[in-house]
Every structure is written in structure tokens, then in C-alpha cells.
Amino acid sequence: MNVKPTKPATGLQKCTTGIEGFDAITAGGLPSGRTTLLVGGPGSGKTIFALKFLVHGAAIGDEPGLFVAFEESADRIVANAEGFGWNLAALRDKELIFIDAQPSPDLVQSGDFDLGGMLAVLGAQASKFGVRRIVLDALDVVLALLPDEAAKRRELYRLHAWLLEQELTCVITAKSGGDTGSPNREPSFSYLQFMVDCAVVLKHQVITGISQRNLRVQKYRGSSFDENESPFLIGKSGFEISVSQPLVSGMSNASKERVSSGVERLDTMLGGGYYRGACILITGFPGTAKTTLSGTFAEAACLREERTLFVSFDADSNEVVRDLTSVGIHLGPHLESGCLRMFSARTVTGSAESHLVRIKTLAMEHGTKCVVIDPVSTWTMAADRVSAHGMSERLIDWSKSEGITLFCTSQLDDQSSAQMLGTSLQVLTLADTWIHVDYLMQAGERNRSLSIIKSRGTAHSNQVRELILSDSGVTLADIYTAGGDVLMGTQRWEKERADLVAVEEAEIEGRLKRVRLDAEEAELEVRVKSLQTELVAKQVEKSLLARTTEKQQRRSDRGDNKMRELRGADPTDGEDK
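As the structure is a prediction and not an experimental result, all values here were calculated from the model. (Residues numbered from 1 in each chain as written. Predicted model: local features only at pLDDT ≥ 70, side-chain atom pairs only at ≥ 80, totals over all residues. Heavy atoms only, no water.)

S.K.: In this structure, what is going on with the confidence of the model for the protein chain? I would like to understand it.
M.R.: Any segment with low pLDDT has predicted coordinates that should not be analysed in fine detail. Taken as a whole, the protein chain shows an average pLDDT of 81; of its residues, 80% reach a score of 70 or greater. Every residue in residues 247-251 scores below 50 in pLDDT, and together they form 4 contacts with partners more than four places removed in sequence or on other chains. pLDDT under 50 marks residues 415-425. Its contacts with residues more than four places away, or in other chains, come to 23 contacts. (pLDDT = per-residue confidence, 0-100. Contact = heavy atoms within 4.5 Å.)

S.K.: What is the right way to look at the pattern of salt bridges in this model?
M.R.: Close approach of charged atoms lets side chains of opposite charge pair. Applying the stated criterion to the full structure yields 20 salt bridges. Between R304 and E306 there is a salt bridge, with its nearest N and O atoms 3.2 Å apart. Here R341 ties to E365 by a salt bridge, and the two come within 3.8 Å at their closest N and O atoms. Of this pair, R341 sits in strand β16 (residues 340-344) while E365 is found in helix α13 (residues 352-366), placing the two residues 24 residues apart along the sequence. (Salt bridge = Lys/Arg side-chain N within 4 Å of Asp/Glu carboxyl O. Helix = DSSP H or I, 4+ residues; strand = E, 2+ residues; numbered from the N terminus.)

S.K.: How do you make sense of a nonpolar patch on the surface when you look at a structure like this?
M.R.: Taken together, the side chains of V536, V540 and L544 make up a nonpolar region of the molecular surface, amounting to roughly 240 Å² of accessible area. Inspection of the secondary structure puts L544 in helix α17 (residues 489-567). (Patch = residues over 30% accessible without salt bridge, like charges linked within 9 Å, V, L, I, M, F, W, Y side chains within 5 Å. Areas by Shrake-Rupley, 256 points an atom, 1.4 Å probe, with all protein chains shown as cover.)

S.K.: Could you clarify how one ought to interpret helix α11 (residues 317-325) in this entry?
M.R.: One turn of the α-helix equals 3.6 residues, which is why residues spaced by three or four share an orientation. Residues S317, V320, V321 and L324 constitute the buried set of α11. All buried residues of α11 project into a common sector of 100° when viewed along the axis, lining one side. Opposite the packed face of α11, turned more than 90 degrees from it, sit the exposed residues N318 and R322. Where α11 is buried, its residues contact α10 (290-303), β15 (308-312), α12 (332-337) and β16. (Buried < 20%, exposed > 50% of the residue type's maximum accessible area, 1.4 Å probe, protein only. Arc of directions from axis to C-beta.)

S.K.: Honestly, the pairing of β15 in this entry has me stumped. Any pointers?
M.R.: Look at any regular strand and the pattern is simple: side chains alternate between the two faces of the sheet. Counted residue by residue, β15 has 5 buried out of 5 residues, so it is predominantly covered. Along β15, one buried face is formed by T308, F310 and S312 and the opposite face, lined by L309 and V311, is buried too. Of the strand pairs in this sheet, β15 and β16 are connected by 5 bridges, and their pairing is parallel. Pairing of S312 across the sheet is with S344, part of β16. Bridge analysis of β15 against strand β17 (residues 370-374) gives 5 bridges, and the strand direction is parallel. (Pairing = 2+ DSSP bridges.)

S.K.: How should I be thinking about the side chain of S223 in this particular structure?
M.R.: Within the element layout of this structure, S223 appears in the loop between β9 (210-220) and β10 (230-235). We classify S223 as buried; its relative accessible area is 15%. In this structure S223 touches L12, K14 and T26, once residues within four positions along its chain are discounted.

In C-alpha cells form, the structure reads like this:
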């Protein structure tokens with residue numbers, strides 16, 4: 001496949017290097033048909049960078065390359081590069097030509113010396129094999145043979161003019177002033193930086209006992225480029241650069257799908273779980289169950305048959321599996337099935353950047369949909385504040401671009417707890433969901449609590465819930481308050497028990513009072529019935545009395561009238577009427 005150089009708006013043609021991060025930094029690669037200077041201290045990766053540039057052009061871009069070695073033999077260079085999987089043996093003497101040009105150690109120089117003869121040989125080889133790319137490795141070794149500064153500058157001009165005439169894309173490597181990445185102290189060599197079209201500085205430093213490698217594009221004529229330092233490492237595929245690639249609007253879809261946290265009640269607090277492809281951060285002190293929550297998430301992902309990568313910086317993976325079994329989390333079967341892959345690492349084994357690249361490589365090899373890093377705060381031990389922040393951005397940008405759900409924990413200490421929002425990793429502001437686990441000390445005991453500090457796009461709970469771990473699993477207790485305080489553990493149990501006893505006593509007292517009232521009501525009902533009977537009797541008695549009185553009155557009136565009649569008296573007025 002013939003890869004043509006890209007053409008930016010300026011019209012400058014570029015050759016891709018095959019180093020993805022570098023091509024992103026330079027917006028396409030090295031300037032085509034021009035010269036690039038690559039400087040760095042010992043072990044900074046100059047030869048590997050240059051060799052990768054040639055291998056990419058020969059194997060993928062169909063651009064034969066020429067490697068001129070002034071310091072090491074070609075055989076040693078090829079042998080050293082065997083571990084990168086470039087298959088140099090198949091390319092050598094066909095698409096990739098090596099020329100040994102090391103000065104003899106017992107060389108005795110007599111007379112004038114210039115680069116004319118060497119350039120003639122290189123020109124013949126370039127013409128024979130159709131070379132388009134060339135590397136002059138350790139050119140400073142040859143410059144040291146020239147007698148004075150004027151001769152060195154003259155030969156540099158000669159070399160530069162020859163390269164332009166041949167229209168070759170050239171990389172010149174040379175030593176810098178130690179680990180600082182500063183230019184070589186020789187004036188002639190420093191002048192070469194002004195002559196070339198592109199200059200790249202490699203730095204290899206040891207910070208707090210940990211190796212750190214950085215790359216910076218110092219100049220690039222006719223093209224925009226990233227001027228900041230970018231960390232890199234020498235990995236399985238050679239030169240690997242990590243760069244932050246911010247997501248472009250519309251390039252990735254924000255998923256509305258929810259994935260379970262592995263804790264049912266936590267899913268409820270989150271309104272259904274985490275968003276797929278989101279970044280979740282769990283913060284807390286040691287022993288607050290951060291790893292346990294990581295395990296619940298990993299197990300839930302595996303139960304959904306989603307391939308998961310679990311990276312532990314605190315303990316060996318076998319220990320993590322054993323410990324999580326005690327709280328009902330069983331990762332062993334998922335390891336056996338291949339759905340789960342666990343990786344244990346310590347910051348002392350390499351720089352934070354090396355861990356980041358290794359995690360990305362493992363995730364891509366495993367076809368991962370979910371990544372767990374426990375704890376990500378360990379990276380602060382292997383990087384300064386600025387570097388750690390940059391790595392966090394690159395990690396999150398990468399996971400989102402790949403649609404990977406990223407689950408991280410961050411360990412807090414006494415100082416960071418006081419300024420939790422200012423953690424050096426700055427993952428707190430970048431995370432989509434931030435959950436904090438803590439200790440609540442009451443009645444002489446520690447109890448774990450969980451609260452959701454933020455969860456973007458989710459109407460989440462604002463409650464502080466007790467986190468309960470048992471051999472049957474992980475769950476959250478219902479919220480329980482007394483006098484405005486949240487009670488947990490034994491104090492909560494005692495308060496709940498006292499409340500239960502009080503409720504039972506109140507219920508018994510209510511039953512007794514109900515029985516007493518029923519008896520009094522029955523007694524009153526009897527009394528009412530008795531009074532009603534007595535009333536009826538009185539009413540009957542009164543009615544009988546009234547009728548008797550009336551009869552007696554009529555009988556008396558008839559007797560009086562009869563008496564008058566017998567006496568012959570006149571009837572009474574009442575009777576006449």
C-alpha cells in the first residue's frame with residue numbers, strides 16, 4: 001500500500017512516522033523531502049524513533065529506507081530491535097538498507113577530511129534501491145573528526161544541500177547535553193538546529209527514583225504543532241507516545257444505556273445505574289470498601305458477558321479475588337471463562353506513563369468494555385501534579401473514544417481529605433459520577449457510609465447511606481435519623497430496638513385501654529337499657545293513673561246526676577249543656 005504524504009493548508013507535504021502519537025502532535029508526521037534533527041541524551045530512544053520511521057515507510061508506505069550507523073553496527077541495531085516485532089530480517093537489504101559507517105577506534109587522520117566520499121556512496125545506494133527515507137544515526141560522531149568549527153559548519157552545509165538535492169526525507173540523530181535534553185554544547189552542532197526544518201528533543205530523566213521520558217517538538221517550519229512536552233515510553237511496539245486527543249463534538253454518541261453498579265440499592269440511588277461509557281470515581285480512605293465496590297462492578301459487568309479488565313495497584317490479583325469472596329463477590333469463574341482479566345502492578349515497576357500505555361494495550365487486546373483501576377491515585381507517586389493531570393485526561397479521553405466504561409478508585413489521606421476537591425489527579429472534575437465512601441464514628445465504632453457527590457445527567461439521591469458488607473453480599477441500609485443525626489451500626493440497632501419496644505408497649509397499652517373502654521361501654525349500655533325499662537314503666541304507670549282518674553271522675557259525675565234526679569232537683573249546668 002502506497003501512503004502518500006498529507007498536504008496541510010500550507011502546502012507542506014508530510015511523511016507519517018508510524019508513531020501514532022507523534023503524527024498527531026505534528027498533524028501528519030515529519031516534513032517530506034526535508035531534514036529533521038532528533039536530539040536526546042543516552043537511552044532517550046533516538047535510534048528507536050528513527051528506525052521506526054524507516055520501518056513504517058518500508059513496510060507500510062512502500063518507501064525504501066537507508067539507515068547509516070555511525071556509532072553502532074547494523075547487526076547490533078537489528079538485533080536490539082527484534083523485540084519490537086518489526087521483522088527487520090525480512091526488510092533488510094530489500095526495502096531497508098543498513099550501512100556501517102563507524103570510524104575505526106585506531107583511526108589516524110592525516111590531511112583534510114570531508115563528507116564528500118560518504119555522500120557519494122549514500123547517493124549511489126539511494127539511487128539503486130529507490131530510497132525515499134534516510135537516517136543518519138549519531139552524526140555527532142563524524143562531526144568530531146573534523147578539525148575545527150569552520151570545517152564542521154562547512155560539512156553541515158554540504159550535507160544539507162545534498163539532502164535537499166536528493167529530495168530525501170532525512171532524520172539526523174545526535175546526542176544532547178545529558179538528561180536535560182538541551183542542545184549539544186558544540187557551536188557547530190547547535191547551528192544545525194537552525195538549519196533543519198524540524199527539530200525534536202527527547203528527554204530521559206529520573207524523578208524520585210522513577211524513569212520519565214518526554215518528547216517535545218522544538219520547531220517545525222511551515223506547520224502547526226503541539227509545543228508542549230508529551231510523555232512516551234519504549235514498549236512492545238517500540239516508540240509509544242501518549243497524547244491527549246479531546247473528543248470532537250459529534251464524533252462519539254453519548255449513550256443513554258444504564259449499566260448496573262452491582263449493588264441494587266446504589267442503582268436506585270443513581271436513578272438506574274451508571275451511564276455506559278461514563279467515568280466513575282470512588283474516593284475514600286483506606287478500608288472504606290473502594291475495592292469491594294470495584295469488585296461488585298466488575299462482577300456485574302461479567303454477568304452481562306462484557307469483557308472486563310481489572311487493574312490493581314494495591315494487591316496481587318489472587319489476593320483481590322480471595323478477599324472479595326468473603327463479601328459474596330466471586331470473580332474466579334469469570335477469570336476462568338476469560339471474560340475477566342486481572343493485572344497487578346506497582347508504581348515502582350515503571351513510570352505512570354508506562355502503566356497508562358500498558359493498560360490501554362491490555363484493554364485493546366482483551367476487547368474490553370469495562371475497565372477498573374484500583375486505585376488511580378497511585379499514579380501520583382510516579383508523576384508530578386501536571387503530569388498526573390495530563391495522564392488522567394488522556395485516560396478518560398481514550399475510554400470515552402472507545403466507548404469503555406471506566407471505573408476508578410482514588411485513595412485519600414488526611415491532607416487530601418481536607419482539600420478533596422483539589423486532588424492532584426483532578427479526576428474529580430473530569431469524572432461523570434463521583435461517589436464518596438467514608439467512616440462515621442459513633443458510640444466507639446466505625447461504620448462505612450456512602451454518598452453520591454455528583455452524577456451528571458442523573459437525578460441522584462442526596463442521602464448518606466450506611467454501606468453494609470456481609471458474606472451474602474454488599475448492600476445499603478435505609479436512611480435512619482434521630483434528632484437530626486444519621487445513626488449507623490450498633491447505635492442505630494439500639495435505637496431501632498428501643499423504638500420497637502416502645503411501639504410494642506404502646507400497642508399493648510392501647511389494647512388494654514380498648515378492653516377497659518369496651519367494658520365501660522357495655523356497662524353503660526346495660527344502665528341505659530335499665531333506665532329505658534324504668535322509663536317505660538313510669539310512662540305506663542302514668543297512663544294508667546290518668547285513665548283511672550278519668551274513669552273515677554266520670555263515675556262520680558254520673559252518681560251526682562243520679563242523686564239529683566232522685567231528689568227531683570234540676571240538672572247541673574254542665575249536664576244541660
